[in-house]
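Inside the fold
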Amino acid sequence: MTLAFIVPGLDEATSEKAIAILQNRLSQEQEAALVLKHAHWNVTGPNFIAVHEMLDPQVEVVLAQADETAERIATLGGTPDGRADAITRNRTWKPFDVEGRAGTEAYLKALIEYYDAFIADDRKAIAELDELDLVSSNIIQDHVQELEKFQWFMRSHLA
């Protein structure tokens, strides 16, 4: 990887490691927005409108998180890869597996499971970034706070 520049206080190797972690997070954030929109379009059954309307704000927040992550990569001198094939190339998580139209309970259970992995991956990234770049770590920490809230919404809906 060729960096455009190095930010003060970080060396090239540290920047490259942080960028790689952030690129992985960017790819999962982008995929999560697509997964949430897929569920938004295809959820059916009891409580349809509540779930349908709950998901759009989550899409917006996750897309904003992806934008923030991409901008941090650029700030560190890297080149964020937002292309669709980058999602699959960088995937280290299980893909979302609900296809087509399905009931609210099926989608919410699958989304809760997806969030489990998403949040765990973010927490792993935080631990790694804590050793490399606290600014990047803080960004992902803020993202986790929002994701955990969204997952709570879904869990509460099923309770």
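Computed from a prediction, not measured in an experiment: that's the story for all the values here. (Residues numbered from 1 in each chain as written. Predicted model: local features only at pLDDT ≥ 70, side-chain atom pairs only at ≥ 80, totals over all residues. Heavy atoms only, no water.)

What to know about the nonpolar core
Heads up, the condition is: We define a nonpolar core as any set of buried Ala, Val, Leu, Ile, Met, Phe, Trp, Tyr and Cys residues linked to one another through side-chain atoms lying within 4.5 Å. Think of it in three bands: with a 1.4 Å probe and only protein chains considered, a residue is buried below 20% of the maximum accessible area for its type, exposed above 50%, and partly exposed in between. Elements are defined by DSSP. Helices are runs of H or I of four residues or more, strands are runs of E of two residues or more, and each kind is numbered from the N terminus. Here, residues are in contact when the closest pair of their heavy atoms is within 4.5 Å.
Membership of the largest hydrophobic core comes to 46 residues, with the highest contact counts inside it found for Leu36, Phe96, Leu111, Tyr115 and Met154. Where this core is concerned, the elements lending two or more residues are α1 (12-42), α2 (48-75), α4 (104-132) and α5 (134-158). With 13 residues, α4 is the largest single contributor of residues to this core. Excluding anything up to four places from it in sequence, leucine 111 contacts Val35, Leu36, Ala39, Leu55, Phe96 and Met154.

Notes on the side chain of asparagine 42
Along the polypeptide, asparagine 42 turns up in helix α1. Exposure remark for asparagine 42: the relative accessible area of 16% places this residue in the buried category.

What to know about unusual backbone geometry
Backbone geometry at asparagine 47 places phi at a positive 65°, although glycine is not the residue there. Among the secondary structure elements, asparagine 47 is positioned in the loop between β1 (43-44) and α2.

Here's the deal with the environment of leucine 3
Here leucine 3 shows up in the segment before α1. Residue classification places leucine 3 among the buried residues on the basis of a relative accessible area of 14%. In this structure the C-alpha to C-alpha distance between leucine 3 and arginine 123, which are 120 residues apart in sequence, comes to 26 Å. Not counting the four nearest positions on each side in its chain, leucine 3 is found in contact with Glu12, Ser15, Glu16, Ile19, Leu76, Gly77 and Gly78.

Focus: the packing of α2 against α5
Note the cut-off: For every element, the axis is a line fit to its C-alpha atoms; helices are fit only across the contacting stretch, and the angle between N-to-C directions ranges from 0 to 180 degrees. Roughly parallel covers angles under 35 degrees, roughly antiparallel covers those over 145, roughly perpendicular covers 65 to 115, and oblique covers all other angles. Gly is put with the polar residues, along with every residue not named as nonpolar or charged; the nonpolar set is Ala, Val, Leu, Ile, Met, Phe, Trp, Tyr, Cys and Pro, and the charged set is Asp, Glu, Lys and Arg.
Across the interface, α2 lies against α5 with an axial gap of 11 Å and an inter-helix angle of 170°. Judged by the inter-axis angle, α2 sits roughly antiparallel to α5. Here Ala50, Val51, Met54, Leu55, Pro57, Gln58, Val61, Val62, Gln65, Glu68, Thr69 and Arg72 of α2 lie close against α5, whose contacting residues are Val135, Ser136, Ile139, Ile140, His143, Glu146, Leu147, Phe150, Phe153, Met154 and His157. Class assignment of the residues belonging to the contact of α2 with α5 gives a composition of 14 nonpolar, six polar and three charged.

Things to note about a negative patch on the surface
To keep things clear, this is the line we draw: Like charges are joined within 9 Å and nonpolar side chains (Val, Leu, Ile, Met, Phe, Trp, Tyr) within 5 Å, but only among residues with over 30% relative accessible area and no salt bridge; these make up the patches. Shrake-Rupley sampling with a 1.4 Å probe provides the accessible areas, and residues are treated as covered by the protein chains on show and by no other component. Take a side-chain nitrogen of Lys or Arg and a carboxyl oxygen of Asp or Glu: if they are within 4 Å of each other, that pair is a salt bridge. His is not counted here, nor are the chain ends, while Lys and Arg score as positive and Asp and Glu score as negative. Throughout, a charge is located at the NZ atom of Lys, the CZ atom of Arg, the CG atom of Asp or the CD atom of Glu.
Taken together, Asp67, Glu68, Glu71 and Asp142 make up a surface patch of like negative charges. Turning to its location among the elements, aspartate 67 is positioned in helix α2.

Digging into the packing of aromatic side chains
Under the convention used in this document: Within 6.5 Å between ring centres, the rings of Phe, Tyr and Trp (the latter by its six-membered ring) count as paired, and their orientation is classed by plane angle as stacked under 30 degrees, edge-to-face over 60, tilted in between.
For the structure shown, the criterion picks out six aromatic pairs. Aromatic pair tryptophan 152 and phenylalanine 153: ring centres 5.3 Å apart, planes at 45°, arrangement tilted. In this structure an aromatic cluster arises from ring pairing among Phe96, Tyr107, Tyr114, Tyr115 and Phe118.

Focus: the pattern of salt bridges
In the structure shown here, the tally under the stated rule is 15 salt bridges. Between arginine 83 and aspartate 81 there is a salt bridge, and its shortest N-O distance comes to 2.9 Å. Residue class for aspartate 81 comes out buried when judged on its relative accessible area of 13%. In this structure, glutamate 128 engages lysine 124 in a salt bridge whose closest nitrogen and oxygen atoms are separated by 3.9 Å. Linking glutamate 128 with lysine 124, this pair stays in helix α4, spanning four residues, or about one helical turn. Put simply, Asp81, Arg83, Asp85 and Arg89 are held in one network by salt bridges that share partners.

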